[in-house]
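Coordinates in review
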Amino acid sequence: MKRPIVVLASGWILGVIVSSGWSLPFQWMIALTPWVWLVGGWMVYFQRRYPVIILLVCACTTGMVHFAWVDQHNRTLLTDEVEEGRIMGRIVSSPKIDGGWIQAEIEVYQLHTSKGWVQMKGEKMLLRVSLQSRKEKESAQRLERGAGVLASSVSLSRPSLARNPGAFNMRQYLYREGIHWVGDVKGWGNLHQIDSPRGIDRSVDRLRLIVMQKIEEIYPPETAGVMSGMLLGIREAVPSTIEEEFIHLGLVHLLAVSGLHVAIVVAMMYGGLTFMRVTREKAVMVTLCAIPIYVFLTGAAPSTVRAGVMAILGLMTLWWRRAPDRLSFLALAALLLLWWDPYILFSVGFQLSFGVTFALLVATGPVVEVLPFRWVAFNQVVAVTTIAQLASFPIILYHFHVISWLSWGVNLIIVPIFSLMITPLGYGALFLSFFNETLASLPAWLSSQVLSGVLYGMKWLTSLNGFEQSWEPPSWWWIFLYAGSVAYLLWSYTGGPLRPWRHRLTALVLLFGSIVFLHLPWVIQPGKELTITFLDVGQGDCTVIETPTGKVILVDGGGQLPFAKKEWQRKRKEYDVGKSVIIPYLHYQGIDKIDWLVITHGDADHIGGLGAVVKRFPVGKVIRNHHPPGSEMERALIKLLNQKQVPLLLPPLDRPYIIDQGITWQFLHPNTTGQTPGKLESSNDDSVVFLLEAGGSRILFTGDIEAHGEEEIRKRWELPSIDVLKVAHHGSKTSTEQELLNKLHPREAVISVGKNNRYGHPSPVVIKRLQQDGSRIWRTDHQGAITLRISPGKREMKAMLESVPSLQPFKD
Amino acid sequence: MRSWWETLFHTPKCRLCDSPHSAPAWAPIWRRVCSPCIERLAPIQGTICPRCGRAQLVSELCWDCKKLTNPPLTANRSSLSYLTYSRACIHRLKYQGQVSLAPPLAEMMVHTLLEARWCVDSITFVPLHSTRLFERGFNQAEMLAQEIAKRVSLPLAHCLERVIETPAQSSRGKRARQQTLVGAIVLKEGLERHVRSKHWLLIDDVYTTGATLLECARTLKKAGANKVYSLTLAR
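Residues numbered from 1 in each chain as written. Chains lettered and ligands numbered in written order. Predicted model: local features only at pLDDT ≥ 70, side-chain atom pairs only at ≥ 80, totals over all residues. Heavy atoms only, no water.

**As for the packing of helix α8 (residues 240-248) of chain A against helix α17 (residues 437-463) of chain A**
All names here are of chain A.
- Between α8 and α17, the shortest axis-to-axis distance is 10 Å and the interhelical angle comes to 65°. Comparing the axis directions of α8 and α17 gives the class roughly perpendicular. The handedness of the crossing between α8 and α17 comes out as left-handed. Mapping the contact onto sequence places I242, E245, F246 and H248 in α8 and L455, M458, K459 and T462 in α17.
- Looking at the contact of α8 with α17 residue by residue, the class counts come to four nonpolar, two polar and two charged. (Axes fitted to C-alpha atoms, helices over the stretch in contact; angles between N-to-C directions. Helix = DSSP H or I, 4+ residues; strand = E, 2+ residues; numbered from the N terminus. Parallel < 35°, antiparallel > 145°, perpendicular 65-115°, else oblique. Left-handed = near helix turned anticlockwise from the far one by under 90°. Contact = heavy atoms within 4.5 Å. Nonpolar A, V, L, I, M, F, W, Y, C, P; charged D, E, K, R; others polar.)

**Some details on the interface of chain B and chain A**
- Listed as interface residues are 20 residues of chain B and, on the opposing side, 23 residues of chain A.
- Of the roughly 1,800 Å² buried where chain B meets chain A, counting both sides, 67% is carbon and sulfur surface.
- Contact with chain A buries area across many residues of chain B, yet W5, H10 and W26 of chain B alone supply 43% of it, more than any other trio.
- The tally of links from chain B across to chain A stands at one salt bridge.
- Here R31 of chain B makes a salt bridge to E369 of chain A, at a shortest N to O gap of 2.8 Å.
- Taken together, the links from chain B to chain A amount to four residue pairs in polar contact (both at pLDDT 80 or more).
- Where the side of chain B that touches chain A is concerned, the elements lending two or more residues are α1 (4-8) and α6 (102-116) of chain B.
- Across the side of chain B that touches chain A, the residue classes tally to 11 nonpolar, five polar and four charged. (Buried area = accessible area lost by both parts, 1.4 Å probe. Salt bridge = Lys/Arg side-chain N within 4 Å of Asp/Glu carboxyl O. Polar contact = N/O pair within 3.5 Å; in protein donor to acceptor, adjacent residues only side chain to side chain.)

**Brief notes about the state of the cysteines**
Residue and element names in this part refer to chain B.
- A complete count under the given rule lists zero disulfides over all chains for this structure.
- Not part of a disulfide, C37 finds its nearest cysteine sulfur in C17, a span of 3.5 Å.
- Of the cysteine sulfurs around C62, a residue in no disulfide, the closest is that of C65, at 3.4 Å.
- You can call C62 buried: its relative accessible area is 2%. (Disulfide = S-S within 2.5 Å. Buried < 20%, exposed > 50% of the residue type's maximum accessible area, 1.4 Å probe, protein only.)

**Focus on the confidence of the model for chain A**
- On average, residues of chain A carry a pLDDT of 90, and 97% of them reach 70 or more.
- No element of chain A has a lower mean pLDDT than helix α20 (residues 521-524) of chain A, at 61, and none a higher one than helix α13 (residues 326-340) of chain A, at 96. (pLDDT = per-residue confidence, 0-100.)

**A look at the layout of surface pockets**
Residues and elements named next belong to chain A.
- Estimates place the volume of the second largest pocket at around 800 Å³.
- Around the second largest pocket, the lining is made up of 22 residues, and of these V265, M269, A290, Y427 and F431 lie nearest the centre.
- Of all the secondary-structure elements, those providing two or more residues to the lining of the second largest pocket are α6 (200-218), α7 (221-232), α10 (259-275), α11 (280-297) and α16 (407-433).
- By residue number, the principal contributor to the lining of the second largest pocket is α10, which donates six residues.
- Of the residues assigned to the lining of the second largest pocket, the class counts are 19 nonpolar, three polar and no charged. (1 Å grid on protein atoms, 1.4 Å probe; cavity = no way out; pocket = protein on both sides within 12 Å on 5 of 7 lines; lining within 4 Å. Points joined across faces, edges and corners; volume = space filled by probe spheres on them.)

**Let's talk about the sheet that holds strand β13 (residues 594-599) of chain A**
Residue and element names in this part refer to chain A.
- Within the open sheet, the eight strands sit side by side as β15-β14-β13-β12-β11-β10-β23-β24. Their pairing is mixed. The open sheet terminates on both sides in strands that have one partner only, identified here as β15 (648-649) and β24 (794-799).
- As paired elements, strand β10 (residues 530-534) and strand β23 (residues 786-791) share five bridges and run antiparallel to each other. Among the inter-strand pairings, I532 is bridged to a residue of β23, identified as L788. (Pairing = 2+ DSSP bridges.)

**Quick look at the sheet that holds strand β17 (residues 663-669) of chain A**
All names here are of chain A.
- With mixed pairing, seven strands are arranged side by side in an open sheet as β16-β17-β18-β19-β20-β21-β22. Looking at the sheet topology across the chains shown, the edges are occupied by β16 (657-660) and β22 (776-779). In this sheet, adjacent strand axes meet at a mean angle of 20° when their direction is disregarded.
- Pairing between β17 and strand β18 (residues 689-694): six bridges, direction antiparallel.

**Description of empty space enclosed by the protein**
Residues and elements named next belong to chain A.
- Scanning the entire structure with this criterion turns up four cavities of 30 Å³ or more.
- Of the volumes computed, that of the largest cavity is approximately 60 Å³.
- Every residue along the wall of the largest cavity is listed here: L668, V689, L700, T702, I705, E710, I713, L719 and L740.
- In terms of residue class, the lining of the largest cavity is built from seven nonpolar, one polar and one charged.

**With respect to the environment of Q772 of chain A**
- You can see Q772 of chain A is positioned in helix α27 (residues 764-772).
- Here Q772 of chain A falls in the partly exposed class, since its relative accessible area comes to 46%.

**Details of the packing of aromatic side chains**
Residue and element names in this part refer to chain A.
- This model, assessed by the stated rule, comprises 32 aromatic pairs over all chains.
- The interplanar angle of 75° and the centroid separation of 5.0 Å between the aromatic rings of F373 and F378 together place this pair among those described as edge-to-face.
- Using a relative accessible area of 38% as the deciding quantity, one classes F373 as partly exposed.
- Relative to W478, the ring of F393 lies with its centre 6.4 Å away and its plane at 55°, an arrangement referred to as tilted. You can see F393 sitting in helix α15 (residues 376-400) and its partner W478 sitting in helix α18 (residues 476-493), a full 85 residues away along the chain. The pair formed by F393 and W478 is uniform in burial state, with each residue classed as buried.
- In textbook terms, an aromatic cluster arises when at least three aromatic residues are bridged by ring pairs, as seen for F534, W596, W665, F667, F690 and F701.
- For the cation-ring pair, R48 lies above Y45, with the distance from its terminal atom to the ring centre recorded as 5.9 Å.
- Lying over the aromatic face of F617, R616 brings its terminal NZ or CZ to 4.3 Å of the ring centre. (Phe/Tyr/Trp six-rings, centres within 6.5 Å; stacked < 30°, edge-to-face > 60°. Lys NZ or Arg CZ within 6 Å of the ring centre and 35° of its normal.)

Structure (structure tokens):
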């Protein structure tokens, strides 16, 4: 066995995966493990057989037991549902202030409810405090990690589940952090500091703050934010637009302090010391001591810890004059992290850092040798970039569902600029600034200039459209197929002349085949059903219709009315329904274009998220009513559509149109012939209304139509009975009249409405009316997104939050 | 006994000499051998005699080959120059029984074989007399041939047999070698049909005068082989 630690780590990881996916009773596992160890030990010691497999199995069972043990103890001490209480605890994460909110993790010692005191034994909880004024925000900024606090009138709730398919699952995320409750506090006045900050964490935070202030002193304001993100890992300091560009181009690893940064710092430190004629042993000593400080100063993310552990081991081998075995060091780092927190395996940071590092360690050397370019350094960069891209591809698809085709090229050019110029100069300037700021200003100026140049180029690249590609998240077997074909490709191309050409060809075909298959699944397996998803966009409407052949109709893109906020209330990232709900969903579904965009009318809760959507996706045609844009938001949207030369059409009422085989839509409203344009009053009554027919089911989309419009439709059309009704105007009592229901008799009624909205939608009258008419009612405010799947003769409806039942019709 | 460090961590080594050298397990053999070893092995490269594979300055028939008229051996190729280090390697394999050397050395031969671009149907090797085989326990040529056959996926045939026990060739002159070999190598019984009208590849460890290989080739030719090539580790 060449690398026992690698085998051990692989087994352990396997164990965590198995244990998390398949819950064997914990007692069984505890009972089985000693036997596995005994039998394995006997086999290896006395029989000398299969040491690798036995070590793998033993590590796997131990990993399973460890994960199960941790998972068993990750339980809340609050057994019954508690709604409000008083909390005494200590803050254990650096408080984050964003707009009018401050948020921190808190170790709770005691909870006082109406029933009495509950001992919480340091269970973690997420505390959110809303700030009421600028003054409160200023005093909130002084809150430090390690402070003992008493929070009164805390309303407790479970963290939210994902409300849309593919959306972020807060509850799962916090569960893995050991957090089961979120406490909301209204007003800074309800949070009292009862003990001064303690512990080493606070010193780390203070040091971070000092270094960040130094950065702000030596860098101009345009680049200071990016520099503090890059050098210290303070993501909140990075302006959100720049962050979006980095994410868009697949460069976000540069903004976080990643393994690359640790390598740069270690190289600078060790190189600088040996350059100053310090002996190797002393240089190693100093660097060894500095690494943990650096890791904690930059926030100890999994990638930094990984790189720190590997650097420490590497320096120790240098000291002991041994050959470094980096693959085993990587495995050791993985084992350490998994021992500390087995849930870390599921974090993107861990997966990316370890996956990419593993691939780089295995493949870089051989790949560099087979690359044809004459310049060795260029070969290196090409090999590293390509390997990193190939290794991160499935992980990014699995978590983010979108990749920019520019990523490879941009990484190829920009990563060397960052790692050879900006980052070392930045750290150099930072180091010098502690002695003399004038001395520091030269490297700071130089790196700032280079950085602004890079940022300018990135802005331009981001403005180029059409390079982003959405992917449905891959399945497990696809990931294995992909990993296998990449390994096969490596083996066949770097194995020398002994590998015949057919292997290289097969590997290439396999790799491209798997990628094409993932992108165009319906080419290979057609007959996917028609899917209609009523997204939960809060108060507003947004429906995505996908046909079996991949045509996409987007009906509205709900959003909020922008209401004026004071400067101090502004969040770093302003909430945008398009960016946070609609686009992620479309990415998750692997959608890359919208064939038809139906804008029922121009209210903010129907078009608020469309700006971001239109910017990201090419749109085929737009159907909207005849009203000229009535708001600033709508004008901007129409302008954007005109810029992209998207044809704007009026709904054609003449006949049903065929979208796909067996799928037709008939527009019912508004009747635009003979209408005078320029009617400026509320256009709710002129909402675009259409009837979709597919696989024997009829679905009526109503926008915000009200009683008057309904009457017009009733008079003009002989309405059939329908299967699904998108209830008009979020269930307002001004719509969905009894006369209409008498004709439609919908079996299912979907109400797209926000939780606790200020309009009081949906009206109980309408709900009662629908129930009496025999409709089952689905509400996005209670049940999250509602998905409707239609295949010929079959209709299936599902809510995202399945625990909440739909309202059943009254039975006569 | 390995040190605790070497038990826990992998210390990559050269495939031939155990000095530190790192290369992935699937890399070509010339990557898995350290560069001092490559230099000492002196692989035959550049212009060679197109028939016997001797390294020389021009790419035409060498002096020895010009003298031969209608030789039974079509062509020969060798991977290494038979110098101190390669001789030592072959001795380690042959007389010290370091069988683990066979795969890397065979892989070097495969590289030479692929460069020669011959069209071969089947592989065989220079046989040992049964008493010698009993003494040594294995036939190094067979071992190399097995490794080669596995790597290029060609059938390996045990079709030759040494019936006269000849003294070790290495201690004798050129003329003496040729004479003692006459009739020493015969085809195994009942294999004539198997040999007929095929292109054969003969494997041996060392090519000195080519007497043994010529004798083997003659036997194969007599049995009706179409063409006979030979591949040796060193010459």
